[in-house]
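Geometric and topological summary
Next come the chains, spelled out residue by residue.
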Amino acid sequence: MSMFGQVYVKDNKYKLKGDFHHLTPNTPIRNADDGWKLLGVTNPRDMTYIHSYGGEAIFFESLSQGKLLATRCDNAGCDTKGTIYIPFRVHCPDCLGKNTLIDLTDIAKKSAKIHTFMVCERSGAFNILDKPIKFINIEFDGVATILMSYLSLGEPKFAMRVVPIFKTNSPTFTILDLSWVPEGTKEDALPEGFSF
Ligand SMILES: [Zn+2]
């Protein structure tokens, strides 16, 4: 088996190691209604996409450390100064200034509530969450925006109090490292790798 492509940055350049493109042999496409004549070929391709997080990298790094970061506009000249954003916004949508990082973990633990939710019995390609997926929209005290995430235990209800959990053991460094459980859930009930 070939090695998955791995990337790090040195001297402000991507340094690549391993295989980023996996070639798989073509197979013929034939017509069953016409003597199995050749119509074409399949071109199987696997590739590793290099996805840069830019200014949002700190958000994903913090999830792996059990912290939920948000941002706030502190520009005195901005009409919406003091507005707190999560999903994480690097820049203020009004003044386009760079937002200040704030740690929202305690506010989330004390005030997160389900704003609305949807339960999906099916999902798109490459989805690895267990089905049915309980997508929840979460509101927080003092936050202007609503966060989309998923409930790992229990059944979602409107205005239900939930608390964040973090995949601190073998994190994926994706948004899946953040999930939610009903307030009062015991630590030993959490999904594998997750902690409060
Ligand atoms: Zn602003």
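Thresholds, definitions, all that
- Residues numbered from 1 in each chain as written.
- Predicted model: local features only at pLDDT ≥ 70, side-chain atom pairs only at ≥ 80, totals over all residues.
- Heavy atoms only, no water.
- Helix = DSSP H or I, 4+ residues; strand = E, 2+ residues; numbered from the N terminus.
- Rg over C-alpha atoms; globule rule 2.2 N^0.38 Å.
- Buried < 20%, exposed > 50% of the residue type's maximum accessible area, 1.4 Å probe, protein only.
- Contact = heavy atoms within 4.5 Å.
- Donors = N, O, S within 2.8 Å, 3.2 Å for Na, K, Ca; no water.
- Tetrahedral: all angles 85-135°; square planar, octahedral: opposite > 155°, others 65-115°.
- Salt bridge = Lys/Arg side-chain N within 4 Å of Asp/Glu carboxyl O.
- Polar contact = N/O pair within 3.5 Å; in protein donor to acceptor, adjacent residues only side chain to side chain.

Below, the discussion takes up the overall build of the protein chain. Along its length, the protein chain carries two helices and 15 strands. In terms of overall dimensions, the protein chain is more spread out than a globule: its C-alpha atoms have a radius of gyration of 22 Å, far above the 16 Å expected for 196 residues. Overall, the protein chain is about 70 × 45 × 35 Å in size when its C-alpha atoms are taken along their principal axes. Each of the 196 residues in the protein chain was classed as buried or not, and the buried ones make up 33%. A sequence separation of at least 24 residues applies to 50% of the contacts in the protein chain between residues at least 6 apart.

On to the coordination of the zinc ion, then. Note on the zinc ion: its protein donors are Cys 73 (SG), Cys 78 (SG), Cys 92 (SG) and Cys 95 (SG). The metal-donor distances range over 2.3 to 2.4 Å. Metal-centred angles of 105 to 114 degrees between the four donor atoms at the zinc ion mark the site as tetrahedral. Written as a sequence motif, the donor residues of the zinc ion are C-x4-C-x13-C-x2-C. Here the residue Cys 73 occupies a position in the loop between strand S7 (69-72) and strand S8 (84-85), and Cys 92 occupies one in the loop between S8 and strand S9 (100-103), the gap between them amounting to 19 residues. For the pair Cys 73 and Cys 92, one class covers both residues: buried.

A negative phi holds for most residues other than glycine; trans holds for most peptide bonds. The residue after Ile 86, namely Pro 87, is reached through a cis peptide bond having omega 15 degrees. By the element assignment, Pro 87 lies in the loop between S8 and S9. That bond from Lys 131 to Pro 132 is cis: its omega, 0 degrees, falls within 30 degrees of zero. As for its placement among the helices and strands, Pro 132 is situated in the loop between strand S10 (113-120) and strand S11 (133-139). If you check the backbone angles, Leu 96 has positive phi at about 65 degrees while not being a glycine. A positive phi is found at Phe 173, a non-glycine position, where the angle reads about 60 degrees.

Evaluation of the coordinates by the stated rule reveals four salt bridges. Here Lys 37 makes a salt bridge to Asp 34, at a shortest N to O gap of 3.5 Å. When its relative accessible area of 35% is taken as the criterion, Asp 34 is described as partly exposed. Notably, a salt bridge pairs Lys 134 with Glu 155, separated by 3.3 Å at the nearest N-O pair. In this pair, Lys 134 sits in strand S11 while Glu 155 sits in the loop between strand S12 (147-150) and strand S13 (162-167), placing the two residues 21 residues apart along the sequence.

Our focus in this paragraph is the side chain of Ser 111. Along the chain, the position of Ser 111 falls in helix H2 (residues 105-111). A polar side-chain atom of Ser 111 sits 3.1 Å from the main-chain amide nitrogen of Asp 141. For Ser 111, the residues in contact, after removing those within four places along its chain, are Glu 139, Phe 140, Asp 141 and Arg 161.

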